[in-house]
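Residue strings, one per chain:
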Amino acid sequence: MCSVVGYIGQRQSCALVMEGLARLEYRGYDSSGFACVDNETRRLMSAKSAGRLSQLVTRLQEKPIDGTVGVGHTRWSTHGVASEANAHPHFDCTKKISLVHNGIIENYLTLKKELEAEGHVFLSQTDSEVIAHLFERAFEQTKSCKKAVMQLVSQLHGAYAVVIVMEEHPELLIGIRKSSPLCIGVGDGEMFIASDVLAFAGKTDRVSFLPEKTFTLVTKDKAAVYDFDGQLLDLPVEKLDSVWTATEKQGHEHYMLKEIYEQKSAIYKTVSLCQSFGESVWNSIGISADLIKNTKRIKIIGCGTSWHAGRIAEFFFEEITRIPTTAVLASEFRYRTFFPELDTLYIAISQSGETADTLEVVRMLNAHGQKVLALTNVASSTLVRESEGFLLTQAGPELAVASTKAFTTQVAALYWLAARMALERTVISDGQFKQCQEELLMTANILENGLDAYKYQIFEKLALFYSNFSAFIFLGRHSTYPFALEAALKLKEIAYVFAQAYPAGELKHGPIALIDEKTPVCLFSHPDPLIYQKLLSNAQEIKARKGHLIVFAFEGQTELQALADTCLMFPAVNSHLAVLSMTGVMQLFMYAIARARGCDIDRPRNLAKSVTVE
Ligand code: M6R
């Protein structure tokens, strides 16, 4: 979603804020802005631009402004189009208060009407601008920054991470957090405030994460943190993990490509972390061994790619652990009738750990006393803080909007967890558990070998041919059906090509009407002989209707290979891990199509990396 970055210190803020914004631009990028108390005029100055951050950079080069306190923002539009007027920072009527906001103010219309009736003039269509005018009113009434924030938050409904710079208080940055992340980078004689640590990684390795419903008054030397009742809090300063500073493309054309190639290592690291828990695994992840032994049901919650990982894991938990499992979409689950079940283990999956839909479900589950295990890539995330226990994937920073290595590490961690729970419940033996771990690592090797084996064919032949089609159908059965959903999502989000995923058995119940030469069908096979036979029949149905067939198949599946117009073959693996073995090549294929179509792969249109609004 949007990113907020603020700086206060002895250095000039513009370059530091712009660098922070550039690092977070993957989170939202349809307009941007910067404001500071200008060195020369001592007045609050700003520059804004619709479009990418590079346009703001050009504007600032043409007409520089700078000062030792500044804030910046990249926007992902919710209220109002992506225009200069709607870009942040927003101002109060006197132009002495500027602020940037990430989140949604739900009661902004009521507040706006009230403020307009009092004579406040609004210049944008955004919900965020009401915060500036409300703060103006509160500051006028209280003459105190602290009291003004307390008055402000008592009037706002919704989610917000806000950073304020005031002309009257150039010695101060104000940060406010409710349901949207905000952290403080603690330097020597300087402070950063941002929606993500990446913004200041490398500038300081000390960080404090603002807890829910708190605000901070930050000077260059100190951050005083208060709860919404004004009580001073003692906030720990943590050391930032250095892995989160390695954010370069390292010679790859896109972050997505780099991240595709990092998958083997990310899986190895994730498995190695899991193995390091040894006998104290349940203590380490914060879920009681009793719950693990007595769990009768598992419900997995997530959105997008994380939900797909959960859907694949349904098969791990049901077939290896023997526990009925359902993966649900967070945005849907929240609005269904909820039946509290104390012997259910809830697993919330989120790469970022900041996805609003997923967090709201976790909060609802917590309110009912349910146990939630978070599976996330970000140790400092809200999801970790708000869940009973957590297991961290070791993907490292994932900067491309399209999730790749986060997905594979989620699938690997869930497979490991299913096997470890099965061992705990004596469903499998120690020897079988070891074999599961070995096969998992072996599959990571297969994933990487597939990239080497197919890269030339994909880039030089397949991508050029398939980039000309305007719609695709993806089919799978059993665990390859959620994998088909993931493939279709990848193609849609990075190549802007319409793609529909179906369970192969459903084809004859309607979608078969779509089969023709113009709509390639990509079928993901399965190593299980029974499922393979069914998929083979589906492939024949497609060919009988002159469909164009792309097949991802496993060694020995020669009948399917013979039917295919394009066939990508994979070594036979443990059938649970089939999807993992095909993942790298599938992602590379979708990437190459998007590249051939000239798409902005790392920052697809209309999207944001971290979806912190509902
Ligand atoms: O951070 P999360 O895993 O919670 O994000 C969930 C989805 O927004 C995310 O997976 C999205 O679907 C990706 N862009 C897919 O590539």
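None of the values given here were measured: they were computed from a predicted structure.

Caption draft 1: The packing of aromatic side chains, seen in detail. Counting across every chain of the model gives 22 aromatic pairs. Between Phe465 and Tyr466, the aromatic rings sit 4.8 Å apart at their centres with planes inclined by 75°, giving edge-to-face as the arrangement. Judged by relative accessible area, Phe465 falls into the partly exposed class, the value being 41%. According to the relative accessible area criterion, Tyr466 is buried, its value standing at 0%. Centroid distance Phe552 to Phe570: 5.7 Å. Interplanar angle 15°. Geometry classified as stacked. Of this pair, Phe552 sits in strand β24 (residues 549-554) while Phe570 sits in strand β25 (residues 566-570), and the two are 18 residues apart along the sequence. The class of Phe570 is buried, set by a relative accessible area of 2%. An aromatic cluster of at least three residues, connected via ring pairs, comprises Tyr454, Phe465, Tyr466, Phe469, Phe472, Phe474, Phe483, Phe524, Phe552, Phe554, Phe570 and Phe589. The side chain of Arg420 reaches across the aromatic face of Phe433, ending 5.9 Å from its centre. Over the aromatic face of Tyr496 sits the side chain of Arg605, whose NZ or CZ is 3.9 Å from the ring centroid.

Caption draft 2: Structural detail: the sheet that holds strand β8 (residues 169-178). With antiparallel pairing, the 7 strands of this open sheet are ordered in space as β5-β6-β7-β8-β12-β13-β14. At either margin of the open sheet sits one strand with a lone partner, and together these are β5 (90-91) and β14 (232-233). Across the sheet, helix α4 (residues 129-142) is in contact with β5, β6 (97-105), β7 (158-166) and β8; its angle to β6 comes to roughly 125°. Contacts between helix α5 (residues 145-155) and the sheet are confined to β7, β8, β12 (214-218) and β13 (223-227), with β8 contributing the most and set at about 25° to the helix.

Caption draft 3: Region of the structure containing the nonpolar core. Ranked by internal contacts, the top residues of the largest apolar core, which has 126 residues, are Phe317, Ile347, Phe472, Phe474, Phe524, Phe552 and Phe589. In contact with Phe524, not counting residues within four places along its chain, are Phe474, Leu475, Gly476, Thr480, Phe483, Ala484, Ala487, Leu535, Phe552, Met582 and Met586. Formed by 32 residues, the second largest nonpolar core is a distinct cluster that contains Leu115, Ala148, Ile164 and Ile176.

Caption draft 4: Inspection of the site of the ligand at higher detail. The immediate surroundings of the ligand are formed by 15 residues, with Ser306, Ser350, Ser352, Thr355 and Glu493 found nearest. Separating an oxygen atom of the ligand from a side-chain N or O atom of Lys490 is a distance of 3.1 Å. For the ligand, whose accessible area on its own is 410 Å², the fraction buried by protein is 91%. Those elements giving two or more residues to the shell around the ligand turn out to be α10 (304-321) and α16 (480-495). Its residues placed into classes, the shell around the ligand shows 5 nonpolar, 8 polar and 2 charged. Each of domain 2 (256-441) and domain 3 (453-596) accounts for three or more of the residues forming the shell around the ligand.

Caption draft 5: Local environment of empty space enclosed by the protein. Under the definition given, this model contains 1 cavity of 30 Å³ or more. Taken as a whole, the largest cavity encloses approximately 60 Å³ of empty space. Lining the largest cavity, in full, are Cys2, Arg75, Trp76, Thr78, His79, His88, His101, Asn102, Gly103, Thr126, Asp127 and Ser128. In the lining of the largest cavity, the residues fall into 2 nonpolar, 8 polar and 2 charged.

Caption draft 6: Geometry of the packing of helix α7 (residues 263-276) against helix α15 (residues 430-466). Direction vectors running N to C along α7 and α15 enclose 165°, while the axes themselves pass 8 Å from each other. Relative to α15, the element α7 lies roughly antiparallel. Classified by chirality, the crossing of α15 by α7 is left-handed. Where α7 abuts α15, its residues Gln263, Lys264, Ile267, Tyr268, Val271 and Gln275 lie against Gln437, Leu440, Leu441, Ala444, Asn445, Leu447 and Glu448. Split into classes, the residues belonging to the contact of α7 with α15 amount to 7 nonpolar, 4 polar and 2 charged.

What counts, and at which threshold
- Residues numbered from 1 in each chain as written.
- Predicted model: local features only at pLDDT ≥ 70, side-chain atom pairs only at ≥ 80, totals over all residues.
- Heavy atoms only, no water.
- Phe/Tyr/Trp six-rings, centres within 6.5 Å; stacked < 30°, edge-to-face > 60°.
- Buried < 20%, exposed > 50% of the residue type's maximum accessible area, 1.4 Å probe, protein only.
- Helix = DSSP H or I, 4+ residues; strand = E, 2+ residues; numbered from the N terminus.
- Lys NZ or Arg CZ within 6 Å of the ring centre and 35° of its normal.
- Pairing = 2+ DSSP bridges.
- Contact = heavy atoms within 4.5 Å.
- Axes fitted to C-alpha atoms, helices over the stretch in contact; angles between N-to-C directions.
- Core = buried A, V, L, I, M, F, W, Y, C linked by side-chain atoms within 4.5 Å.
- Near = heavy atom within 4 Å.
- Polar contact = N/O pair within 3.5 Å; in protein donor to acceptor, adjacent residues only side chain to side chain.
- Areas by Shrake-Rupley, 256 points an atom, 1.4 Å probe, with all protein chains shown as cover.
- Nonpolar A, V, L, I, M, F, W, Y, C, P; charged D, E, K, R; others polar.
- Domains from an automatic or database assignment.
- 1 Å grid on protein atoms, 1.4 Å probe; cavity = no way out; pocket = protein on both sides within 12 Å on 5 of 7 lines; lining within 4 Å.
- Points joined across faces, edges and corners; volume = space filled by probe spheres on them.
- Parallel < 35°, antiparallel > 145°, perpendicular 65-115°, else oblique.
- Left-handed = near helix turned anticlockwise from the far one by under 90°.

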